[in-house]
Amino acid sequence: MIEVLRLEKIKINKSKNTILDIPDFKVFQGERVAIIGPNGAGKTTLLKVLAFLEEPCEGERYFCGEKIANGKRQLWIRRKMAAVFQNPLLLDMSVYDNVALGLYFRKFPEHDVKTKVGYWLRTLGIYNLRNQNARDLSGGEAQRVSIARALCVEPEILFLDEPFSYLDAPTRENLLVELKTIVDERQITTVFVTHDFTEIPYLATKTCVMLNGKIVQAGMPEQVLYKPSSARVAKFLGIENIYEGRVMASTGDFSEILVDNLLMKVKGRCEIGRSVKICIRSETILINEEVNKSNVFKGEVKEVYYKGSYNKLDVDIGIRIKVSTTKNIEKGQKLTVAIPEDKIHVIN
Amino acid sequence: MNAILDGFKTAFVLLISGDKEVIQITWLTLKVCGTATLLSVLIGLPTGIFLALHDFPLKKIVVTIVNTGMGLPPVVVGLWVALLLWRSGPFGFLNIIYTPTAIVIAQAVIASPIVTGLSMAAIQQLDPNLPIQLKALGASNLQTVCILLKEARLSLLAAVIAGFGGVISEVGAALMVGGNIKGYSRVLTTAIRLHVSRGEFGYAIALSIILMLLSFTITYILTRVQQRRTIID
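Residues numbered from 1 in each chain as written. Chains lettered and ligands numbered in written order. Predicted model: local features only at pLDDT ≥ 70, side-chain atom pairs only at ≥ 80, totals over all residues. Heavy atoms only, no water.

Colleague: Just checking my understanding: could you explain the overall build of chain B for this structure?
Modeller: When its secondary structure is counted, chain B shows 11 helices and zero strands. Listing every helix and strand of chain B by position from the N terminus yields α-α-α-α-α-α-α-α-α-α-α. Viewed in the frame of its principal axes, chain B has a C-alpha envelope of about 65 × 55 × 30 Å. Within the span of chain B, comprising 233 residues, buried residues form 46% of the whole. (Helix = DSSP H or I, 4+ residues; strand = E, 2+ residues; numbered from the N terminus. Buried < 20%, exposed > 50% of the residue type's maximum accessible area, 1.4 Å probe, protein only.)

Below, the structure is given as structure tokens:
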């Protein structure tokens, strides 16, 4: 794979605090990298450094293997990139002119501008708005214009900084599908920042979790989502079931961990006697389905939270455990909870 | 009351007859105020933009000085410009005291902080993320500044209007550095002041009407430009 961007020993300090500390980070051609983390983790700062929009205090940046210093070279590189931001700041001019802006900056001939802008306006379904002032658009329309504006310059690398966070759920979903189709078709290297981890499996081929200005975990989306590297990452990823336990036995491919008075069988070997943390995603827990002989616990539903398309249960099985289910369960109901051994992740 | 009525009558006659002196004073006022406003825009606009877009040590002090300058009393400016241009002063060798050039300098000093302060505020009112978004679209530094100016054009024109307002209404400095010499450095405000002191209210009223018309016309033109909205077919 061809390396398009690389950061080396990057640091950004503000008011004596290090807000970004990236020893090494690479983006390869065609990759779709998701950067996730809570507010203030440094995601947007990392994106700006990658996009040559913010200067680091220390460290080096490489584009296609070439070390890039300040100056005109940066402008040349920036013109191979485009970005869509959370708040699309459209200018006080027509939709057409807003979409054409990047092409005007690159001094494209008027004929090319017309063809390209027309194509992207049609592709994103906003051709009918072309003469309207961009300031009069709805949030969804404005974000479409912003996406068209970025794609119009046919970037080699596309940066997305939480572009859908201000939009309502249906608009967000539609735009996400359209964007994925475009990015897939054109094989655009994409780096996107989000704190909505439901977008990750859909868009990303690689996921990086940021906490306190550092990348604390990077890997395939499923690996990060289901096997977090720490309890903090697990909590951020929406895993509610995190417990401390002690390894009681470890034989073959399995270990037994005592959590309060419950003995849980988990896949993988652990050091006997060691204190560990385990985490279980609520949607992997089964209700009234005894698929295994191990990890089947009887319990009582203490609370039911209606989440629209599913219910979240607070079940007492000796410890309190959160379970997501589409089944119709009522408060006070007695049931059986089964936790597949391979769905329990031991945090190292 | 009679004095006022007589004044209006005289003013009417002067305006209708196209009095040569009135025309000369009006033309000089237009030239002096126009040049002073242009100078203040040339100084104030880039300074305001620079202050809005850059951080540097002592920026707060510089901004405070600019903001203080926005309320500079014209007589104080007049005094200092006169001292500097006085024949024995540091710039006395220029021999421009009691000339229209001296008035232009004094008025530009009065208007520059106004244009600077309001231009800075105009750019700062824009979303702070706008320059980054423009750069992310491939804009060079110059292209970024041009777009920012275009986006802030309403407030920037308000800055120009305020600068022009400060210049055309000013009397103290023009009197001190221009000398109010008949046919040479007499502008509308200094002429009005002179005629009032002599009790020649007709002349004063006529000149005040011209001054108001001049101020209104130029401000109207600037306002038209300011309020125009680009609609692309």
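Colleague: Help me out: how do you make sense of the sheet that holds strand β16 (residues 296–306) of chain A in this one?
Modeller: Two orientations exist for strands paired in a sheet by backbone hydrogen bonds: parallel and antiparallel. Residues and elements named next belong to chain A. Within the open sheet, the five strands sit side by side as β15-β19-β16-β17-β18. Their pairing is antiparallel. Here the strands that pair on one side only, and so sit at the sheet edges, are β15 (286–287) and β18 (320–325). As defined by bridge partners, β16 adjoins strand β19 (residues 334–338) across five bridges and the pair is classed as antiparallel. By the bridge assignment, phenylalanine 297 is partnered in β19 with valine 337. (Pairing = 2+ DSSP bridges.)

Colleague: Just checking my understanding: could you explain the sheet that holds strand β6 (residues 81–84) of chain A for this structure?
Modeller: Residue and element names in this part refer to chain A. Strands sit in the order β6-β7-β8-β3-β9-β10 across an open sheet of six strands; the sheet is mixed. For this open sheet the edge positions go to β6 and β10 (214–219), each flanked by a neighbour on one side alone. Direction aside, the axes of adjacent strands within the sheet are offset by 15 degrees on average. For strand β3 (residues 32–36) and strand β8 (residues 189–194), the ladder comprises five bridges, and the chain directions are parallel. In the sheet register, isoleucine 36 faces β8, and the bridge partner there is threonine 194. (Axes fitted to C-alpha atoms, helices over the stretch in contact; angles between N-to-C directions.)

Colleague: Would you mind showing me how to read the pairing of strand β20 (residues 344–347) of chain A here?
Modeller: Consecutive side chains of a regular strand alternate in pointing toward one face of the sheet and then the other. Residue and element names in this part refer to chain A. Where burial is concerned, the two faces of β20 agree: the one with Ile344 and Val346 and the one with His345 and Ile347 are both buried. As defined by bridge partners, strand β14 (residues 275–280) adjoins β20 across four bridges and the pair is classed as antiparallel. Each residue of the ladder has a partner; that of isoleucine 280, found in β20, is isoleucine 344.

Colleague: How do you make sense of helix α4 (residues 110–123) of chain A when you look at a structure like this?
Modeller: Every α-helical turn comprises 3.6 residues, leaving residues that sit three or four positions apart pointing alike. Residue and element names in this part refer to chain A. Taking 1.5 Å per residue as the helical rise, α4 with its 14 residues ought to reach 20 Å, and the 20 Å between its terminal C-alpha atoms agrees with that figure. Considered for burial, the residues of α4 that qualify are Val113, Lys116, Val117, Gly118, Trp120 and Leu121. Buried residues belonging to α4 abut α3 (95–105), α5 (139–151) and α6 (169–186). Phi for glycine 125, located one or two positions after α4, is positive at around 65 degrees. (Expected span 1.5 Å × (residues − 1). Contact = heavy atoms within 4.5 Å.)

Colleague: Whenever I open this one, a nonpolar patch on the surface confuses me. Can you help?
Modeller: Residue and element names in this part refer to chain B. Where nonpolar side chains cluster on the molecular surface, the patch consists of Val75, Val76, Leu79, Trp80, Leu83 and Met176 and spans about 520 Å² of accessible area. With five residues, helix α4 (residues 74–85) is the largest single contributor of residues to the nonpolar patch. Within the secondary structure, valine 75 sits in helix α4. (Patch = residues over 30% accessible without salt bridge, like charges linked within 9 Å, V, L, I, M, F, W, Y side chains within 5 Å. Areas by Shrake-Rupley, 256 points an atom, 1.4 Å probe, with all protein chains shown as cover. Salt bridge = Lys/Arg side-chain N within 4 Å of Asp/Glu carboxyl O.)

Colleague: Quick question: what am I supposed to make of unusual backbone geometry here?
Modeller: For residues besides glycine, phi is generally negative; the peptide bonds are generally trans as well. One non-glycine residue, Glu154(A), lies in positive phi territory at about 50 degrees. Its place among the elements puts Glu154(A) in the loop between α5 and β7 (157–161). Positive phi outside glycine occurs at Tyr98(B), with the angle close to 60 degrees. Structurally, the position occupied by Tyr98(B) is in the loop between α4 and α5 (100–124).

By themselves these figures say nothing about function.
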